[in-house]
Amino acid sequence: MREPEIDLLCSQLTSYYVFPDTATEIAAVLRTRLAEGAYADVDDERFAALVTADLQKVNGDKHLRLLHSHDEVPETGEDSAWDPVAYRREAELDAFGVTRVERLAGNVGLLALRLLHDAAVATPAVTAAMTLLAHTDALIIDLRANGGGDPHTVALICSYLFDEPVHLNDIYNRPDDTTQQFWTLPHVPGPRFGGTKPVYVLTSARTFSGAEELSYNLRQNERATLVGETTRGGAHPGDRYRVGPHLKSSIPNGRAINPISGTNWEGVGVVPHVEVPADEAFDVAYRRALAHVLTLGSAGPRRPVFEAATAALTPA
């Protein structure tokens with residue numbers, strides 16, 4: 001019997017989901033499916049997959065999921081299933097989401113991010129990466145494999161890419177009935193990359209959630225050229241709640257509201273400026289970055305940079 005899990009999940013939807021009327025519709029779908037026997041005689045992993053498909057039937061919200069956990073989800077007495085100790089260890093083992101930081105030939109910076117971990121733990125890693133890349137002539141940010149993360153980390157990264165204060169995004173939170181504004185930070189650790197040098201953001205159909213916000217923020221403010229594929233389309237942040245010993249719900253309790261567009265990328269994704277297959281995006285962006293480097297000339301200390309850029313643009 002899966003009635004206890006469905007009852008709890010429906011209660012969580014009613015209490016937290018960002019759209020209350022839609023929560024009622026989704027709960028009705030789950031109860032109907034339960035009555036039909038759709039969840040009978042399946043293990044937790046299969047149950048999570050079936051319920052996730054049903055959760056997304058009404059409005060296609062990709063953040064709305066039932067997750068199977070191999071490790072036991074502890075009972076903490078709190079609504080949220082968040083475990084800060086386990087999360088910090090996970091972030092450490094993930095290098096805080098930073099998978100590659102490199103100064104490429106021709107003084108082009110590359111920052112590849114797999115996740116945007118919480119700013120509370122990821123700020124030193126982001127600071128170190130941006131400090132190393134601050135004096136490159138162009139920057140490529142690779143978000144093609146990025147599944148999202150903390151809007152505070154999005155704001156931190158954006159803060160290195162502007163010279164003046166910028167209102168980046170708002171997030172409405174249903175449980176509190178509040179709207180939080182996100183701005184670039186007035187001060188950042190280390191030097192800024194600055195607001196004038198070219199930035200290229202690589203996207204794919206896998207780019208999701210917070211990574212989409214980073215892409216969308218930079219696109220709306222005309223601060224970066226997006227290269228790749230239209231992103232996955234998830235703009236509703238949320239929390240995770242215990243449903244069973246090996247089950248957690250992911251329920252969006254908020255929605256992004258861009259101050260320029262007045263909307264977000266939910267269901268439609270972020271459309272790149274230059275649409276190419278994801279596996280070609282780096283080559284396209286790198287060649288554009290190198291072409292910019294050549295416009296900076298070859299006088300004095302720029303000569304080796306100019307020569308390296310020329311060599312990198314020359315076919316083998």
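So, here is what we can say about the structure in this document. (Residues numbered from 1 in each chain as written. Predicted model: local features only at pLDDT ≥ 70, side-chain atom pairs only at ≥ 80, totals over all residues. Heavy atoms only, no water.)

Here the focus is the overall build of the chain. Along the backbone of the chain there are nine helices and 12 strands. Here the C-alpha coordinates of the chain stretch approximately 75 × 40 × 35 Å along the principal axes. Looking at the chain as a whole, 49% of its 316 residues are labelled buried. Here the analysis covers contacts within the chain between residues at least 6 apart in sequence; of these, 74% occur between residues at least 24 apart. If you sum the accessible surface of the chain, you get close to 14,600 Å²; carbon and sulfur atoms cover 52% of it. (Helix = DSSP H or I, 4+ residues; strand = E, 2+ residues; numbered from the N terminus. Buried < 20%, exposed > 50% of the residue type's maximum accessible area, 1.4 Å probe, protein only. Contact = heavy atoms within 4.5 Å. Areas by Shrake-Rupley, 256 points an atom, 1.4 Å probe, with all protein chains shown as cover.)

Reading across from one edge, S6-S5-S11 is the order of the three strands in this open sheet, with antiparallel pairing throughout. In this open sheet, the two strands that pair with only one neighbour each are strand S6 (178-183) and strand S11 (254-257). This sheet shows a mean twist of 25 degrees between the axes of neighbouring strands, independent of strand direction. Examined bridge by bridge, strand S5 (residues 167-173) and S6 share six bridges and lie antiparallel to one another. Residue pairing across strands places Asp170 opposite Gln181, the latter belonging to S6. Sheet strands in contact with helix H6 (residues 151-159) are S5 and S6, and its direction is about 25 degrees off that of S6. (Pairing = 2+ DSSP bridges. Axes fitted to C-alpha atoms, helices over the stretch in contact; angles between N-to-C directions.)

Attention shifts here to the nonpolar core. Judged by nonpolar contacts, the single largest core of 35 residues is most densely connected at Leu113, Met130, Ile141, Leu161, Val201 and Leu218. Ranked by residues supplied to this core, first place goes to H6 with five residues. Every residue in contact with Val201, bar those within four places of it in the chain, is listed here: Ile141, Leu143, Ser215, Leu218, Ala224, Thr225, Leu226 and Val227. Membership of the second largest hydrophobic core comes to 24 residues, among which are Cys10, Ala27, Tyr39 and Leu66. (Core = buried A, V, L, I, M, F, W, Y, C linked by side-chain atoms within 4.5 Å.)

Scanning all chains against the criterion turns up 12 salt bridges. With a closest N to O distance of 3.6 Å, Glu36 and Arg33 form a salt bridge. Between Asp54 and Lys57 there is a salt bridge; the shortest N-O distance is 2.9 Å. Through salt bridges with shared partners, a single network forms among Arg33, Glu36, Asp54 and Lys57. (Salt bridge = Lys/Arg side-chain N within 4 Å of Asp/Glu carboxyl O.)

Turning next to the packing of H6 against helix H7 (residues 210-220). The contact between H6 and H7 brings their axes to 9 Å, and the two run at 35 degrees. By crossing handedness, the relation of H6 to H7 is classed as right-handed. For the pair formed by H6 and H7, the contact residues are Pro151, Val154, Ile157 and Cys158 on the first element and Gly210, Glu213, Leu214, Asn217 and Leu218 on the second. Here the contact of H6 with H7 is composed, by residue class, of six nonpolar, two polar and one charged. (Left-handed = near helix turned anticlockwise from the far one by under 90°. Nonpolar A, V, L, I, M, F, W, Y, C, P; charged D, E, K, R; others polar.)

The six strands are arranged S2-S3-S4-S7-S8-S12 in an open sheet whose pairing can be described as mixed. What marks the edges here is a single partner per strand, and that holds for strand S2 (98-104) and strand S12 (274-275). Examined bridge by bridge, strand S4 (residues 138-142) and strand S7 (residues 199-203) share four bridges and lie parallel to one another. Bridge assignment links Asp142 to a residue of S7, and that residue is Leu202. Strand contacts of helix H8 (residues 278-294): S2, strand S3 (108-113), S4, S7, strand S8 (225-228) and S12, with the helix running at about 175 degrees to S7, the strand carrying the most contacts.

Taken as a whole, this structure holds six aromatic pairs when the rule is applied. Ring geometry for Tyr216 versus Trp265: centroids 5.2 Å apart, planes at 50 degrees, classification tilted. Taken together, the positions of Tyr216 in helix H7 and Trp265 in the loop between S11 and S12 put the pair 49 residues apart, joining distant regions of the chain. With respect to class, Tyr216 is no different from Trp265; both count as buried. Ring centres 5.4 Å apart and planes at 25 degrees place the aromatic pair Phe282 and Tyr286 in the stacked group. Here Phe282 pairs with Tyr286, and both are found in helix H8, just four residues apart, close to one helical turn. The ring of Phe47 is capped by Arg2, whose NZ or CZ atom sits 4.2 Å from the centre of that ring. The ring of Phe193 is capped by Lys197, whose NZ or CZ atom sits 4.2 Å from the centre of that ring. (Phe/Tyr/Trp six-rings, centres within 6.5 Å; stacked < 30°, edge-to-face > 60°. Lys NZ or Arg CZ within 6 Å of the ring centre and 35° of its normal.)

This part takes up the pairing of strand S10 (residues 247-252). The buried fraction of S10 is high, at six of six residues. Covered by surrounding structure in S10 are Leu247, Ser249 and Ile251 together with Lys248, Ser250 and Pro252, the residues of both alternating faces. By the bridge criterion, four bridges tie strand S1 (residues 65-68) to S10 in an arrangement that is antiparallel. Bridge pairing in S10 links His68 to Leu247. Bridge count between strand S9 (residues 238-244) and S10: six bridges; the pairing is antiparallel. Paired with Gly238 across the two strands is Pro252, which belongs to S10.

Purely geometric stuff here, so don't read any function into it on its own.
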